[in-house]
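Listed here are the chains, written in short residue letters.
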Amino acid sequence: MKIEKHKVVAVSYELHVDDGENGKTFFEKVERNQPFYFLFGASNTLPALEDALRGKEVGDTFEVFIDFENAYGDYDESKTAIIPKANFKENGKKNPQMLKVGKVIPMQDDQGNQLRGEITKIDYKGVHMDFNSPLAGLDLYFQGEVISIRDAEQEEIDHGHVHGPGGHHH
């Protein structure tokens, strides 16, 4: 079976990144026993990564370079914000476990869009949040292997993402 639209694909990979100044550095490894699953053709991963995987079969390996402009874009200062500490209370009480530098918190903007923000600093002004991707401004080097391919269920196609093992559960 070849990778094409409406296939659930599982890949393992090693990702190195380059900030343009310090050379390639290791970022993450996704192991064969816990691969990354996605619905091919549903915009669930980077288009350049999908292009590199199109037509591959189980056991095929891949290497792909994606420059920052075709990955997560440049770092954008406008995607940072200072949010009042009062916005982080639960049941009217401060939650010290939530407010820690480095913690990534799922949030929602005023239009209802889901965001993930990293706390970069906490001071008298409030909670400093960064909503850029951790990979913003970085060139990406993927090296990996196709672990499995299967036909997507109609519900997965309708929802635009993988369900079941390795995917989203409702």
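Each remark here, short or long, concerns the structure printed above.
Since we're looking at a predicted model, the values are computed, not measured.

Definitions and cut-offs
Residues numbered from 1 in each chain as written. Predicted model: local features only at pLDDT ≥ 70, side-chain atom pairs only at ≥ 80, totals over all residues. Heavy atoms only, no water. Salt bridge = Lys/Arg side-chain N within 4 Å of Asp/Glu carboxyl O. Helix = DSSP H or I, 4+ residues; strand = E, 2+ residues; numbered from the N terminus. Buried < 20%, exposed > 50% of the residue type's maximum accessible area, 1.4 Å probe, protein only. Pairing = 2+ DSSP bridges.

**Q** An account of the pattern of salt bridges is requested, with residue identities and associated values reported.
**A** All chains considered together, the criterion is met by eight salt bridges. Lys29 is the partner of Glu14 in a salt bridge, and the nearest nitrogen-oxygen pair spans 3.8 Å. Of the two residues, Glu14 sits in strand 1 (residues 7–18) while Lys29 sits in strand 2 (residues 24–30), which places them 15 residues apart along the sequence. A salt bridge links Asp123 to Lys121; its shortest N-O distance comes to 3.6 Å. A relative accessible area of 15% means that Asp123 is categorised as buried. Put simply, Glu4, Lys7 and Asp151 are held in one network by salt bridges that share partners.

**Q** So what about the pairing of strand 8 (residues 126–130)? Which residues, and what values?
**A** Buried residues dominate strand 8, accounting for five of its five residues. In the sheet, strand 5 (residues 80–83) pairs with strand 8 via four bridges, with the strands oriented antiparallel. Residue Ile83 lies in a different strand from strand 8, and its bridge partner there is Val127. Across five bridges, strand 7 (residues 114–123) lies against strand 8 in antiparallel orientation. In the strand pairing of strand 8, Asp123 is matched with Gly126. Where strand 7 folds back on strand 8, the antiparallel hairpin that results is connected by two residues.

Everything listed here is a matter of geometry and, on its own, says nothing about what the molecule does.
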